[in-house]
Amino acid sequence: MNGIFLLLGSNLGNRLSNLRLAANLLQGGGCEIVESSKVYETEPWGISEQPAFLNQVLKVETSLLPEELLTLLLASEEEMGRIRHVKWGERLIDMDILYYNDLIYKSESLVVPHPEIANRRFTLVPLAELAGAQAHPFSGLTQEQMLNVCPDKLRVWPHL
């Protein structure tokens, strides 16, 4: 992969404003947003009895190392008021590192590339929009190819 790709998601409050505020916090924390996908409305994944999400992928440039970038994401989520109650539950904001260039990285707190990319349409649809022809460093499949064989069948559609 060529680039650092982040996934933003929100299903509480003013979801679109939440995505915009998150992007602003990232920019203020040392990330330059190079490209943004469309915003997509997505059916909730994991726990279906919750509001639909808005999701967006950002391609960023930063001098932050992966763990430093994760610290920025978590601090931004906290600043916005995210409280972690239930895994895959409702959230004001969620920010994940999908790819950090071609880096393959694993620590107690971070795995890059994100281990669930190939299994989630809400990730692959906006990611394929920005980097459809780029290959995953493990599988060698492009983002478009992964989207075409993704086992997740939940709906993802452009937010109007």
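Note: the structure precedes this text.
This structure is a prediction, so every number in the text was calculated from the model and none was measured.

Asker: Quick question: what am I supposed to make of the overall build of the chain here?
Answerer: Along the backbone of the chain there are four helices and eight strands. Starting at the N terminus and walking to the C terminus, you meet the elements of the chain as β-α-β-β-β-α-β-β-β-α-α-β. Relative to the compact-globule value of 15 Å for 160 residues, the chain shows a C-alpha radius of gyration of 14 Å, a close match. For the chain, restricting intrachain contacts to residue pairs at least 6 apart in sequence, the fraction spanning at least 24 positions comes to 70%. About 8,100 Å² of surface is accessible on the chain, with carbon and sulfur atoms providing 53% of the total.

Asker: What am I meant to see in the environment of Tyr-40 here?
Answerer: Here Tyr-40 shows up in strand β3 (residues 40–42). Judged by its relative accessible area of 6%, Tyr-40 falls in the buried class. If sequence neighbours within four positions are ignored, Tyr-40 has contacts with Phe-53, Leu-54, Asn-55, Val-125, Pro-126, Glu-129, Val-156, Trp-157, Pro-158 and His-159. A polar contact is formed between the side chain of Tyr-40 and the side chain of Glu-129, at a distance of 2.5 Å.

Asker: Whenever I open this one, the pattern of salt bridges confuses me. Can you help?
Answerer: Opposite charge on two side chains makes pairing possible when the charged atoms of those side chains draw close. On inspection of all chains with the given rule, the structure shows three salt bridges. With its nearest N and O atoms 2.8 Å apart, the salt bridge here joins Glu-41 to Arg-15. Residue Glu-41 is found in strand β3, and its partner Arg-15 is found in helix α1 (residues 15–28); the two are separated by 26 residues along the sequence. Taking relative accessible area as the criterion, Glu-41 reaches 12% and is therefore assigned buried.

Asker: Is there a simple way to explain the packing of aromatic side chains in this structure?
Answerer: In this description, an aromatic ring pair is defined by two values, namely the gap between the centres and the angle between the planes. Inspection of the entire model under this criterion finds one aromatic pair. Summarising the aromatic geometry, the rings of Trp-45 and Phe-122 are spaced 6.5 Å apart at their centres and angled 65° between planes, so their arrangement reads as edge-to-face. One end of the pair, Trp-45, is in the loop between β3 and β4 (53–62); the other, Phe-122, is in helix α3 (residues 121–131), and 77 residues separate them in sequence. Residue classification places Trp-45 among the partly exposed positions, given a relative accessible area of 22%. One cation-aromatic arrangement involves Arg-155 over Trp-157; the distance from NZ or CZ to the ring centre is 4.1 Å.

Asker: I would appreciate a short explanation of the nonpolar core in the present structure.
Answerer: The tendency in soluble globular proteins is for nonpolar side chains to be buried side by side. Core analysis: the biggest nonpolar cluster contains 25 residues, and Leu-6, Leu-8, Leu-26, Leu-69, Met-95 and Ile-97 have the highest contact counts within it. For Leu-8, the residues in contact, after removing those within four places along its chain, are Leu-19, Ala-22, Ala-23, Leu-26, Leu-54, Asn-55, Gln-56, Leu-58, Asp-94 and Met-95. Residues Leu-127, Ala-128, Leu-130 and Leu-147 belong to the second largest nonpolar core, which totals 19 residues.

Asker: What is the right way to read unusual backbone geometry from this model?
Answerer: Pro-113 follows Val-112 through a cis peptide bond whose omega is 0°. Along the chain, the position of Pro-113 falls in the loop between β7 (111–112) and α3.

Asker: Would you mind going over helix α2 (residues 66–80) with me for this structure?
Answerer: Since the α-helix advances by 3.6 residues per turn, residues separated by three or four positions end up pointing in the same direction. Spanning 15 residues, α2 covers 21 Å between terminal C-alpha atoms, matching the ideal 21 Å at 1.5 Å per step. Burial in α2 covers these residues: Pro-66, Leu-69, Leu-70, Leu-72, Leu-73, Ser-76, Glu-77 and Met-80. Viewed end-on, α2 has its buried residues packed into an arc of 160°, placing them on one side of the element. Those residues of α2 that are exposed and aimed more than 90 degrees away from the buried face are Thr-71, Glu-78 and Glu-79. As for α2, its buried residues are in contact with β1 (4–10), α1, β2 (31–36) and β5 (94–100). Immediately downstream of α2, the backbone of Gly-81 shows phi near 100°, a positive value.

So, how was this worked out
Residues numbered from 1 in each chain as written. Predicted model: local features only at pLDDT ≥ 70, side-chain atom pairs only at ≥ 80, totals over all residues. Heavy atoms only, no water. Helix = DSSP H or I, 4+ residues; strand = E, 2+ residues; numbered from the N terminus. Rg over C-alpha atoms; globule rule 2.2 N^0.38 Å. Contact = heavy atoms within 4.5 Å. Areas by Shrake-Rupley, 256 points an atom, 1.4 Å probe, with all protein chains shown as cover. Buried < 20%, exposed > 50% of the residue type's maximum accessible area, 1.4 Å probe, protein only. Polar contact = N/O pair within 3.5 Å; in protein donor to acceptor, adjacent residues only side chain to side chain. Salt bridge = Lys/Arg side-chain N within 4 Å of Asp/Glu carboxyl O. Phe/Tyr/Trp six-rings, centres within 6.5 Å; stacked < 30°, edge-to-face > 60°. Lys NZ or Arg CZ within 6 Å of the ring centre and 35° of its normal. Core = buried A, V, L, I, M, F, W, Y, C linked by side-chain atoms within 4.5 Å. Expected span 1.5 Å × (residues − 1). Arc of directions from axis to C-beta.

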